[in-house]
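A structural walkthrough
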Amino acid sequence: MTVQTTSPERATGPDKPDRLSTWRRALDLVLSERVALLSVLLVVVVGYFYLLGRQGYLVAPYDTDYLASALETLVPLCLLALAELLVIVSGRGGIDLSVGSIVSLSGMAFGAMVGLWGWAVLPALLVTVVVGAALGAVNGLLVAYLGFPALIATLATYYAFGSVALLSHDNAPISTGPIQDAHSLTQAVSVPLLGDGFPDLPLQVATFLLPVAVVVYLVVNRTSYGRRLYAIGTNDIAARFANIEVRRSRFSAYVASGVLSAVVAVVTVAQFASARPDAGSVGSGMALPAITIAVLGGVAISGGIGRVAGVIIAALLVVWLNAGILLAFEGSDGSQFQLFALGALLVLSALLNAYSVRRGRGTG
Amino acid sequence: MTAVTDVAPPRRRPVARAVEGQELALVAVLAVLWVALSLGTETFLTSSNLSDLLYSVAPVALVGIGMTAVIVTGGIDVSVGSGVAVVMVVVSKLIRDGGASLPEALLVALLIGLALGVVNGVLIAFGGIHPIIATFGTLNLYRFLALRLFENKQVTGVPDTFAGVGGGGAGETIGVPNAWWMTIVLAGLMWAYMRYWATGRHWYALGNDPAAARLAGIQVRRRLVAAYALTGLFVGLAGCVLIGSGGLVQQNAGTGLELQVIAAVVIGGTSILGGRGTVLGTLLGALLVGTVTSAITLLGWRSELTELFIGLFILVAVGVDLVRERRRRAR
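Residues numbered from 1 in each chain as written. Chains lettered and ligands numbered in written order. Predicted model: local features only at pLDDT ≥ 70, side-chain atom pairs only at ≥ 80, totals over all residues. Heavy atoms only, no water.

1. Description of the packing of aromatic side chains
Residue and element names in this part refer to chain A. Counted according to the given criterion, the structure contains 13 aromatic pairs over all chains. Judged by centre distance (6.0 Å) and plane angle (55°), the rings of Tyr62 and Tyr66 are tilted. Neither Tyr62 nor Tyr66 differs from the other in exposure class; each is buried. Pairing Tyr145 with Phe251 gives two aromatic rings, centres 5.5 Å apart and planes at 65°, and the pair type is edge-to-face. Taken as a pair, Tyr145 in helix 6 (residues 121–145) and Phe251 in helix 12 (residues 246–272) lie far apart in primary sequence, 106 residues in all. With a relative accessible area of 32%, Tyr145 lands in the partly exposed category. A relative accessible area of 21% places Phe251 in the partly exposed class. (Phe/Tyr/Trp six-rings, centres within 6.5 Å; stacked < 30°, edge-to-face > 60°. Buried < 20%, exposed > 50% of the residue type's maximum accessible area, 1.4 Å probe, protein only. Helix = DSSP H or I, 4+ residues; strand = E, 2+ residues; numbered from the N terminus.)

Next comes the structure, spelled out in structure tokens:
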């Protein structure tokens, strides 16, 4: 064990046959690289349900059309998981429990602007993003500048923002004509160039998810700001000595989380053709699944570790697994087994994280 | 009384303790609220309203007793709401279909709660998973378990086996619900345990510095499991109180309980970073949350305001604590 931690290459051993060490290396890769493990799991899950569907065990075919339509649920989940990535990576117990309430409140703002005041969609979208940024800034101020523990600060704002969202329109949804027209933002469209043979994709995958994911990826990996974020998450004292403005960097992570939540709010309002005051808190809320996916994607809750690709593949895995489970059971049983799958995935991936950290290597 | 309620690191002087106690401030806030509500509304200071208030606070306070220990160790348990649902569905079906008596049902409730708590504790202490991640996972798993046991139906016609700790007249002694008497007694025991027993002190040591605690010879993993297991026992008890005089157990039982409990603990002055906090503060925090909920109903305000106030109270309580902490360091 101790030998392995000092030089990982020696784990395979020089005296072992070459072929064995190839397998061993592949296994090592899958166990230590979260993206590799998730990709394998994704192929296994999709293949398994595809075979089940071919043999007629599912209530509907698990084909490419179905997988494409399931992407509808991917968009909010993946965007919020990316928000959690930014916040958790920023370290010092970073977490954002309030994303669901920000979705509710900024969704109501979008609903009011488009549905009640008759604004065009684009300016309303921009103002919604500003609203989300302001709500995120409240979290950031509390956590980064005033020193509140993130868990508590965002628990409090989860309550407060959610309450304001409910009060904002007398606990009633806004679903006037203009809001229903906004549904066209999220209709399924056929992909140009690929044409009819390719399944129709929900529009918001191309208009919201892909651009945002690319931007987050570039910011995190290709800008000095992104590297600063990882630096303060790994060790904020060392980061301060490296002349990084720890507070401002951490503050901005919470603002970014608010912005991403606002984007989710717009997508959700358009998808349901209605701005609901409880949009972000139905079921067990939006924060829990988002945090689950982030952790599943290899984000270390202690900060400083986590990759965008891991989070996106984890979100795909959860969404397509859930879609398969829904077909494998009749009635509401499927949604119950989705809870089981989410919980089991989270616990197992966290156990794996702990295991790989003990072996002296990070994940992801 | 006040001089000893605040469990302080030994370097603090006794004089400072009395002044800084978060409990004192909470008692003052509660007193002001209760006087104002008694004068401002006709219904607040009636025995039935106070009894309802205390009964509704009891489950939150009960789970809060265990949660205080967990948070003092530097952990957290967000699975308690789902745990309560599992306990409630099993026990309510047991007393309805199996005809279980009170001791049998109570034993089953405690055992289930204990088992769920031990699972959390083992995952955290031996699996090396961060507490919030582990219990987020078991939150989903326990909710799944509960929903499977409900079999897509709410449990109706539950007998009044637990009427003794229920919300009705049968569950009261001297006008105070028995559930609340039980809460006070258990909180007192827990307070004494965490203050005077070596193994109770170990929780504080763990929360302050796990590495130092291990070097000091504390069995860190065992003490961690103990804290989560104890919370499980209180989850079992809270399930019994919520079943109360029977009737209906719904599938959404216990949802959101974890946030109320954490709010109560934090408002009570327990540091979420671990190492500091008392059970008495948690009781007062739970009372404050219950009082605000009751007040908003009595004053005829929008019920949605309740959560806004809970959020603000959390911020104020933690903010005051942060200021005190900074002053203490500066000294």
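Anyway, onward from the coordinates.
2. Quick look at the pattern of salt bridges
Residues and elements named next belong to chain B. Considering all chains together, one arrives at eight salt bridges over all chains under this definition. Among the ionic pairs, Asp97 bridges to Arg96, the shortest N-O distance being 2.9 Å. The salt bridge partner of Asp321 is Arg276, with a shortest N-O separation of 3.1 Å. With Asp321 in helix 14 (residues 305–330) and Arg276 in the loop between helix 12 (257–267) and helix 13 (279–298), the pair connects residues that are 45 residues apart, well separated along the chain. Assigned by exposure class, Asp321 and Arg276 land together as buried. (Salt bridge = Lys/Arg side-chain N within 4 Å of Asp/Glu carboxyl O.)

3. Looking at the nonpolar core
A:Tyr62, A:Trp320, B:Ile133 and B:Ile314 are the most contacted members of the largest nonpolar core, which has 207 residues in total. Top element by residues in this core is helix 4 (residues 64–89) of chain A. It accounts for 18 residues. Those residues in contact with A:Tyr62 that sit more than four places away from it in its chain are A:Val46, A:Phe49, A:Tyr50, A:Leu67, A:Trp320, A:Ala323, A:Gly324 and A:Leu327. (Core = buried A, V, L, I, M, F, W, Y, C linked by side-chain atoms within 4.5 Å. Contact = heavy atoms within 4.5 Å.)

4. Points about the side chain of A:Ser249
Examined against the element boundaries, A:Ser249 turns out to sit in helix 12. Sequence-distant contacts of A:Ser249, defined by excluding residues within four places in its chain, comprise A:Tyr225, A:Arg228, A:Leu229, A:Ile232 and A:Ile244.

5. Topic: the confidence of the model for chain B
Residue and element names in this part refer to chain B. With 93% of its residues at a pLDDT of 70 or more, chain B has an overall mean of 84. The secondary-structure element of chain B with the lowest mean pLDDT is helix 2 (residues 14–20), recorded at 42, while helix 6 (residues 102–125) shows the highest, at 93. Predicted as a complex, the structure gets a pTM of 0.83 and an ipTM equal to 0.80. (pLDDT = per-residue confidence, 0-100.)

6. A word on helix 13 (residues 287–296) of chain A
All names here are of chain A. Across the ten residues of helix 13, ten count as buried, placing the element largely inside the fold. By the burial criterion, the buried members of helix 13 are Ala287, Leu288, Pro289, Ala290, Ile291, Thr292, Ile293, Ala294, Val295 and Leu296. Positioned one or two residues after helix 13, Gly298 has a phi angle of 100°, which is positive.

7. Concerning the interface of chain A and chain B
Each partner contributes residues to the interface: chain A has 40 residues there, and chain B has 41 residues. Carbon and sulfur atoms supply 76% of the area buried between chain A and chain B, which totals about 3,600 Å² over both sides. Counting the contacts that link chain A with chain B gives two salt bridges. Ionic pairing is found between A:Asp170 and B:Arg302, a salt bridge with its closest N-O pair at 3.0 Å. The interface formed by chain A and chain B contains seven residue pairs in polar contact (both at pLDDT 80 or more). Contributing elements (two or more residues each) for the side of chain A that touches chain B: helix 7 (150–168), helix 13 and helix 15 (333–358) of chain A. When residues of the side of chain A that touches chain B are assigned to their parent elements, the largest contribution, 14 residues, is made by helix 15 of chain A. When its residues are assigned to classes, the side of chain A that touches chain B shows 31 nonpolar, six polar and three charged. (Buried area = accessible area lost by both parts, 1.4 Å probe. Polar contact = N/O pair within 3.5 Å; in protein donor to acceptor, adjacent residues only side chain to side chain. Nonpolar A, V, L, I, M, F, W, Y, C, P; charged D, E, K, R; others polar.)

8. Remarks on a nonpolar patch on the surface
A surface patch of nonpolar side chains, amounting to about 400 Å² of accessible area, comprises A:Leu116, A:Trp117, A:Trp119 and A:Val127. Position of A:Trp117 relative to the elements: it lies in the loop between helix 5 (99–116) and helix 6. (Patch = residues over 30% accessible without salt bridge, like charges linked within 9 Å, V, L, I, M, F, W, Y side chains within 5 Å. Areas by Shrake-Rupley, 256 points an atom, 1.4 Å probe, with all protein chains shown as cover.)

9. Here we look at the side chain of A:Ser349
Residues and elements named next belong to chain A. In this fold, Ser349 is placed in helix 15. At a separation of 3.0 Å, a polar atom in the side chain of Ser349 contacts the main-chain carbonyl oxygen of Leu346. Discounting residues that sit within four places of it in the chain, Ser349 has contacts with Arg34, Val295 and Leu296.

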